[in-house]
Each structure stands twice: as C-alpha cells, then as structure tokens.
Amino acid sequence: MALYVQKFGGTSVGSVDRIKAVAEKVKGFRDQGHQVVVVVSAMSGETNRLTDMAHALNDDPAPREMDMLLSTGEQVTISLLAMALQQAGVAATSHTGAQVGIHTDSAYTKARIQRIETEDLKADLDAGQVVVVAGFQGVDEEGNITTLGRGGSDTTGVALAAALGADECQIYTDVDGVYTTDPRVCSKAQRLENITVEEMLELASLGSKVLQIRAVEFAGKYNVPLRVLSSFEDGPGTLIVAEADKDEDSMEEPLISGIAFTKNEAKLTLLNTPDVPGVASRILGPIADANIEVDMIVQNVAPAGDYTDFTFTVAKGDYKATKKLLEETVIPGLGGGELRGDDNIAKVSLVGVGMRSHAGVASKMFRVLADENVNIRMVSTSEIKISVVIDEKHMELAVNALHKAFGLDKSDIESE
C-alpha cells in the first residue's frame, strides 16, 4: 500500500462530468489499496469570475477580502468531489485549508506555508477515508483565510506530500507530462520520461507553465517525488527527480532536456552612460524600488573614464513604467544619456544538466541561429542554462531549429 497525494487543476474539475471522471480515477487507486489525499483547484474560470465581480464593486479591493472571496472557489470543488466519491462508493471527507491545518504567514494573496498539522488528516486516512483538500489556501495565526497566489494548488499538493511523507505527489493537468518544448510551437516536441528538479525549475522560470515554481522548489527541498500526468488519458507522465536519482548512464548523454521561450520580455538600453563605479546601482536601484524585476543585464566594456551602454530586460507588462522611470528619474540623475527600447523581443533558452560536463553548447547554439539568419541581441548563461534574446518574429524558427539540432526531435526521448 502506498500513499499518494493527487492534485487536479481547474480544467480537470471544470464540470460535473469531469469531477465524476476524477472520482473514478481516485477510486481506482483506492481499489488497489492505496491511501489517497486529493488536492483540487477551483473549477476552470471560477477564480477569474470572482475576481471580475470584486473589481466591479471596488477598484482596489482589500487583499484580505480578496483571499476570503477567492478561497470559496476551491470550497465548492472539494464538496462536489467528496459527493462524487461517496456516490461511487468511496468514503471521502472534504477539508478547507484551515480545517486540514495549513498554516501560513499573513501575506494576503501571496502567503507562504509555515507548517502543516497532519494528525487529523492521518486519522482520516487510517480510517479508510479519501481526504479531499482545498488547494491554494491556508490560515494565518490570527485565523484569517489566506491564499498562496496563482497556481498555489500545486504548492499545496507538494507541501502535503512532504508533510505526510507520501510515496509520490501526482500533478494531474491537461497535458500528459513535461515536453522538450511547447508542442504548439514545435510539432516534434517529445514527452520526457524524467527531468531533474534543477532543470524543471529553470524551465518553469523561463516560460514553461506546466508547474508553479514554488511547487518545484518545495519538491526539491523536501525530496518529494513529483509526477506530471494527464487527467484525460492514461500514461506514465513525467517524473521530476533529484539529479542524484537519475540514471548515471543518462548523465553521460548529451545534452539538452528542454527549450523554454517567452515573448513576455522587453529590452531597454541606456546609451552613453558614464562608466564609473556605482552607475549600475543608480540605474537599477529606482527600478527595484518600484518593485520591477530585472532579468538579463549586459554592460559593454569601455576605456576608463569613458562612456558605455547599459542594457537590461524586464517583463513586457513593466516596459512602459520602466521607460518612464528612466526618462524622468534615472537619466536626469546621470546627467544625460540616450534611451532606446524594444518590446518586440523573445527569450529562447536551452536547459540541461548535461551542460555541466559538455563543452561547446553555446557555440553550437550560436552557429545554429546564425545558419537561420537569427540575430542574437543578448546572452545569459548559468551552469545548466543558456538564454538568448532575439527578435520576436524569429522565435518559432529558432525554437524549431534548436530542437532539431540538439537531437530533441527523436521519439521515446528521456531527459539527457
């Protein structure tokens, strides 16, 4: 007998028929003698519907009241799924985040889990119950309902699996695993049998939307086996493991596990910036104070006492605010400089732990892009990642060319 924590997203529970299908899937595990904790999201579209109603009443609703409102979406789903399980002959009990003992800090709309009380939950499991838990929510020390931010149900599932010492946390979604890249952009994308936590973190941070980053971090920190599966078809999915758990032979295979990309980037360049100590802080400090995150940074080398160009990227949604801040605050403080911006860019990234033991990945990437006449605007690297900024119009061409060049088109691929 194993203990599974299974998380089902909004599309998986988006209708009564889909909730019935989830109940049948859970019943299959119970019939095999396994213990099951089910974590569910709100039905698809429900969180947006509630948010729209809130903003129709108040332009700036209080975060505490938003958490109170949005937490009701999951409460509907847990009760309906418990009813469906009971109708299918499976003993089941539903719990809100507060009832199951998920304690968080008081950062409304983006709370972080501090501890989980598992005594009552374990008692229900030992009594033969399937425990259905509302994802995305918890309770602070004052008893206020809190939410974990968009995608927080993934984090709830992994956190419960860690607290219970579950054999596996299974994330059921509308895709059947993690792919080498987005199949909608590259038709030859292949499902990965396994991928390391490090690689998944990089892919998630670089644009892959299969899993919430915090959930992957939780899985890595507490060594929770994490599997991505489809709610709508059977299959092995993709297992996310610690690097040490991977087959040693596969580590000797080149090279890349996946290609991530995003169009949600904008580039800004300050030309003729004084090349003196502290200039980077004078540029980026006000941006950080405005709570705008900077991604890639490039500063040209200039002779001592000369001028240089300073380039960085931000989220496309922050482009106009950043440009205004630079024009009105930063440039006057620097005593001049010319600002250029471009919000028609894309970032394409190669990710793979195999890069640690193989040279030449960057040069091959640059050669492939040059052969396709794709100009590289910026480059950023880490131990297991290489990212380039290119013109947005070339993104799909670049992804497909790199996917083929690094051998990701082959079928039955495993993480390299």
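Quick caveat, the model's predicted, so the values are computed rather than measured.

**Thoughts on the overall build of the protein chain**
What the protein chain contains, in helices and strands, is 13 helices and 20 strands. Here the C-alpha atoms of the protein chain give a radius of gyration of 24 Å, agreeing with the 22 Å that 2.2 N^0.38 yields for 416 residues. When its C-alpha atoms are laid out on the principal axes, the protein chain stretches across 75 × 55 × 35 Å. Buried positions account for 51% of the 416 residues belonging to the protein chain. If you take every contact in the protein chain between residues at least 6 apart in sequence, the share linking residues at least 24 apart comes to 75%. Of the roughly 18900 Å² that the protein chain leaves accessible, carbon and sulfur atoms contribute 47%. Here the protein chain contributes 38 positive and 62 negative side-chain charges, whose respective centroids are spaced 4 Å apart.

**Notes on the domain arrangement of the protein chain**
Interfaces are often sized by the accessible area lost when the parts come together. By domain assignment, the protein chain separates into domain 1 (1-247) and domain 2 (251-407). Using only C-alpha atoms to locate each centre, domain 1 and domain 2 end up separated by 33 Å. Across the contact, 20 residues belong to domain 1 and 21 residues belong to domain 2. Of all residues in domain 1, the largest losses of buried area upon contact with domain 2 belong to Val 185, Glu 199 and Leu 206, amounting jointly to 37% of the total for that side. Our enumeration of links across domain 1 and domain 2 arrives at one salt bridge. When the shortest N-O distance is used, the salt bridge between Glu 198 and Arg 356 registers 2.7 Å. When residues in the side of domain 1 that touches domain 2 are grouped by element, the largest group, four residues, is from helix α7 (residues 197-205). Across the side of domain 1 that touches domain 2, the residue classes break down as six nonpolar, six polar and eight charged.

**Let's talk about the UniProt feature "binding site: ATP" (unreviewed entry) in the protein chain**
Here, UniProt's "binding site: ATP" (unreviewed entry) annotation points to Lys 7, Phe 8, Gly 9, Gly 10, Thr 173, Asp 174, Tyr 179, Arg 184, Lys 209 and Val 210. The annotated residues occupy 204 residues of the chain and do not converge on a single region, their most distant C-alpha atoms lying 24.4 Å apart. For the largest pocket, the lining residues among the annotations just cited are Lys 7, Gly 9, Gly 10, Thr 173, Asp 174, Tyr 179, Arg 184, Lys 209 and Val 210. Within the fold, Lys 209 resides in the loop between α7 and α8 (213-222). When its relative accessible area of 80% is taken as the criterion, Lys 209 is described as exposed. Among the secondary structure elements, Val 210 is positioned in the loop between α7 and α8.

**Looking at the packing of aromatic side chains**
For any pair of aromatic rings, geometry is given as the distance between the ring centres together with the angle between the planes. On inspection of all chains with the given rule, the structure shows four aromatic pairs. Note on Tyr 4 and Phe 29: the rings are 5.2 Å apart at their centroids and 75° apart in plane angle, and the pair reads as edge-to-face. Of this pair, Tyr 4 sits in strand β1 (residues 3-8) while Phe 29 sits in helix α1 (residues 16-31); the two residues are 25 residues apart in sequence, bridging distant segments of the chain. The class of Phe 29 is buried, set by a relative accessible area of 17%. Between Lys 364 and the ring centre of Phe 406, over which it is positioned, the NZ or CZ distance is 4.7 Å.

Criteria and cut-off values
Residues numbered from 1 in each chain as written. Predicted model: local features only at pLDDT ≥ 70, side-chain atom pairs only at ≥ 80, totals over all residues. Heavy atoms only, no water. Helix = DSSP H or I, 4+ residues; strand = E, 2+ residues; numbered from the N terminus. Rg over C-alpha atoms; globule rule 2.2 N^0.38 Å. Buried < 20%, exposed > 50% of the residue type's maximum accessible area, 1.4 Å probe, protein only. Contact = heavy atoms within 4.5 Å. Areas by Shrake-Rupley, 256 points an atom, 1.4 Å probe, with all protein chains shown as cover. Lys, Arg positive; Asp, Glu negative; His and termini not counted. Charge placed at Lys NZ, Arg CZ, Asp CG, Glu CD. Domains from an automatic or database assignment. Buried area = accessible area lost by both parts, 1.4 Å probe. Salt bridge = Lys/Arg side-chain N within 4 Å of Asp/Glu carboxyl O. Nonpolar A, V, L, I, M, F, W, Y, C, P; charged D, E, K, R; others polar. UniProt positions renumbered as here; feature names shortened; annotations may be inferred. 1 Å grid on protein atoms, 1.4 Å probe; cavity = no way out; pocket = protein on both sides within 12 Å on 5 of 7 lines; lining within 4 Å. Phe/Tyr/Trp six-rings, centres within 6.5 Å; stacked < 30°, edge-to-face > 60°. Lys NZ or Arg CZ within 6 Å of the ring centre and 35° of its normal.

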